[in-house]
Amino acid sequence: MSLIFGHLLTAMVTPFDEEGKIDLPALEPLIEHLIATGTEGLVVAGTTGESPTLRTEEKLTLFKRVKEITGNRVHVIAGTGTNDTSYSAELTRKAASIGIDGTMAVTPYYNKPNQEGMYHHFKTIAEATSLPLMIYNIPGRCMVNLQADTLIQLSKIPNITSVKEASGNLDQISEIIENTPLDFQVYSGDDSTTLPIMSIGGTGVVSVASHLIGMELTKMVKSFLSGNVVEASKLHRQLLPKMKACFRSPNPIPLKAILGHLGLVKNQTRSPLLPLEEKETKELLHVFNLA
């Protein structure tokens, strides 16, 4: 299989300063940390990047600066999907002109389109660029599930090359893997389902926890790929409490609390998300042996 983006991708946080503005100086040390701990690609302005609170010009500034910092060392995937098809296609065109490596588009939230509507939505976005497009299916946030049959049809569009699957439905994911082209790549959208999805033919993960346990996740993925399933399974079990701890509160609140403690970014989220209280932060740090 020819990998377009790699096995371990990170859904990167967006650093903010005390005034709520994007903390551009914080991007470089954060990105260098992620690359040094195994990240092969960065998904920018996704859920973890607090995309609903980012304005268009902020997203484009992020895409440009992240690409400048990374160069050709890792892939930069721009989160350009919204619940507005026309706007998503336009943002995709603008992001592509910056020189990023691919785009990601989430299933349309709130509108609750049917399967035909979602097919049209992603087809329109794909036609706005020649770059690889990753579809992001996350029913828990968007209230709609992109069904296997629809995704299988979308996979026939040449530049729709992958899906980030956060449905947690292994039957659906198996059907997708079985019936899409051999070079179509299925990523776990949840850290805790990385190994289960890889075990049925998935490619890897778009990770949140890789901000904190990137080297361990890399080891788990490499162990599985080398055929050492027993070691990979052991690592999965050991890492599971840390994976789950990242979602004790809505993402990326717990993650930013730990990154703030480590000094990688400030513990600043944009309203309506609020930082963790001190007691919750101490409990979280204990899980990561940082208390």
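No experiment lies behind these values; they were computed from the predicted model shown.

Peer 1: How would you sum up the UniProt feature "site: Part of a proton relay during catalysis" (unreviewed entry) in the chain? Please name residues and give values.
Peer 2: Look at the UniProt record and you will see "site: Part of a proton relay during catalysis" (unreviewed entry) annotated at Thr47 and Tyr110. Here Thr47 shows up in the loop between strand E2 (41–44) and helix H2 (56–70). Residue contacts for Thr47: discarding those within four places in its chain leaves Tyr136, Arg141, Asn251 and Pro252. Within the fold, Tyr110 resides in the loop between strand E4 (102–106) and helix H4 (115–126).

Peer 1: Explain the pairing of strand E3 (residues 75–79) to me, using residue names and the numbers behind them.
Peer 2: Along any regular strand, the residues point their side chains to alternate faces of the sheet. Taken across its 5 residues, E3 has 4 buried, putting it largely inside the fold. With 4 bridges connecting them, E2 and E3 associate as parallel partners. Following the sheet pairing, Leu42 is matched in E3 by Val76. Crossover handedness for the path E2 to H2 to E3: right-handed. With 3 bridges connecting them, E3 and E4 associate as parallel partners. Bridging from a neighbouring strand, Ile77 pairs with Gly102 of E4. Each parallel crossover has a hand, and for E3 linked through helix H3 (residues 85–96) to E4 it is right-handed.

Peer 1: Run through the nonpolar core, naming residues and quoting values.
Peer 2: Side chains of a nonpolar character, in soluble globular proteins, are inclined to be buried together. If you look at the biggest cluster of nonpolar residues, it comprises 54 residues, and the most contacted ones within it are Met12, Val44 and Phe288. Setting aside its immediate chain neighbours within four residues, Val44 contacts Met12, Leu62, Phe63, Val66, Val76, Ile77, Ala78 and Gly79. If you look at the next biggest cluster of nonpolar residues, it comprises 35 residues, including Val43, Ile125, Met134 and Ile160.

Peer 1: An account of the pairing of strand E7 (residues 185–188) is requested, with residue identities and associated values reported.
Peer 2: Residue alternation in E7 divides its side chains into two sets, Gln185 and Tyr187 and Val186 and Ser188, and both sets are buried. Here strand E6 (residues 160–165) runs beside E7; their pairing, made up of 4 bridges, is parallel. Residue Val163 lies in a different strand from E7, and its bridge partner there is Val186. You can see the chain leave E6, run along helix H7 (residues 170–179) and come back into E7, and the turn it takes is right-handed. Note that E7 and strand E8 (residues 204–207) share 2 bridges and pair parallel. Residue pairing for E8: Tyr187 is matched across the bridge by Gly204. Considered for its hand, the β-α-β crossover made up of E7, helix H8 (residues 194–199) and E8 is right-handed.

Peer 1: Describe the environment of Glu58, listing the residues and the values that go with them.
Peer 2: Looking at the secondary structure, you find Glu58 in helix H2. The exposure class assigned to Glu58 is buried, which follows from its relative accessible area of 9%. Along the primary structure Glu58 and Ile22 are separated by 36 residues, whereas in three dimensions their C-alpha atoms are 7.7 Å apart. Polar contacts involving the side chain of Glu58 include one to the side chain of Arg270, which spans 2.7 Å.

Peer 1: Tell me about helix H11 (residues 253–262), and please be specific about residues and values.
Peer 2: A large share of H11 lies buried, amounting to 7 of its 10 residues. Turning to H11, its buried residues number three or more, namely Ile253, Pro254, Leu255, Lys256, Ala257, Ile258 and Leu259. In this structure, the buried residues of H11 make contact with helix H9 (210–225), helix H10 (229–245) and helix H12 (278–287). Downstream of H11 by one or two residues, Gly263 has phi in the positive range, about 80 degrees.

Peer 1: Explain the side chain of Thr48 to me, and be specific about the residues and the numbers.
Peer 2: Position of Thr48 relative to the elements: it lies in the loop between E2 and H2. If we skip the residues at most four places from it in the chain, Thr48 touches Ala11, Met12, Val13, Thr14, Val208, His211, Asn251, Pro252 and Leu255.

Peer 1: Could you give me a rundown of the packing of aromatic side chains, with the residues and numbers involved?
Peer 2: Evaluation of the coordinates by the stated rule reveals 0 aromatic pairs. Directly above the aromatic system of Tyr136 lies the positively charged group of Lys164, at a separation of 4.0 Å from the ring centroid.

Peer 1: Got a sec to walk through unusual backbone geometry? Specific residues and values, please.
Peer 2: Here the residue pair Asn251 and Pro252 is connected by a cis peptide bond, since its omega of 10 degrees sits within 30 degrees of zero. Following the sequence through the fold, Pro252 ends up in the loop between H10 and H11. Omega for the peptide link from Ser271 to Pro272 comes to 20 degrees, which places this bond in the cis form. As for its position among the elements, Pro272 is in the loop between H11 and H12. Positive phi, close to 60 degrees, is recorded for Glu50, a residue that is not glycine. Looking at the secondary structure, you find Glu50 in the loop between E2 and H2. Overall, the relative accessible area of 3% leaves Glu50 in the buried class. With a phi close to 60 degrees, Lys112 is a non-glycine residue in the positive phi region. Relative to the helices and strands, Lys112 resides in the loop between E4 and H4.

What counts as what
- Residues numbered from 1 in each chain as written.
- Predicted model: local features only at pLDDT ≥ 70, side-chain atom pairs only at ≥ 80, totals over all residues.
- Heavy atoms only, no water.
- UniProt positions renumbered as here; feature names shortened; annotations may be inferred.
- Helix = DSSP H or I, 4+ residues; strand = E, 2+ residues; numbered from the N terminus.
- Contact = heavy atoms within 4.5 Å.
- Buried < 20%, exposed > 50% of the residue type's maximum accessible area, 1.4 Å probe, protein only.
- Pairing = 2+ DSSP bridges.
- Right-handed = clockwise from strand over helix to strand, strands pointing away.
- Core = buried A, V, L, I, M, F, W, Y, C linked by side-chain atoms within 4.5 Å.
- Polar contact = N/O pair within 3.5 Å; in protein donor to acceptor, adjacent residues only side chain to side chain.
- Phe/Tyr/Trp six-rings, centres within 6.5 Å; stacked < 30°, edge-to-face > 60°.
- Lys NZ or Arg CZ within 6 Å of the ring centre and 35° of its normal.

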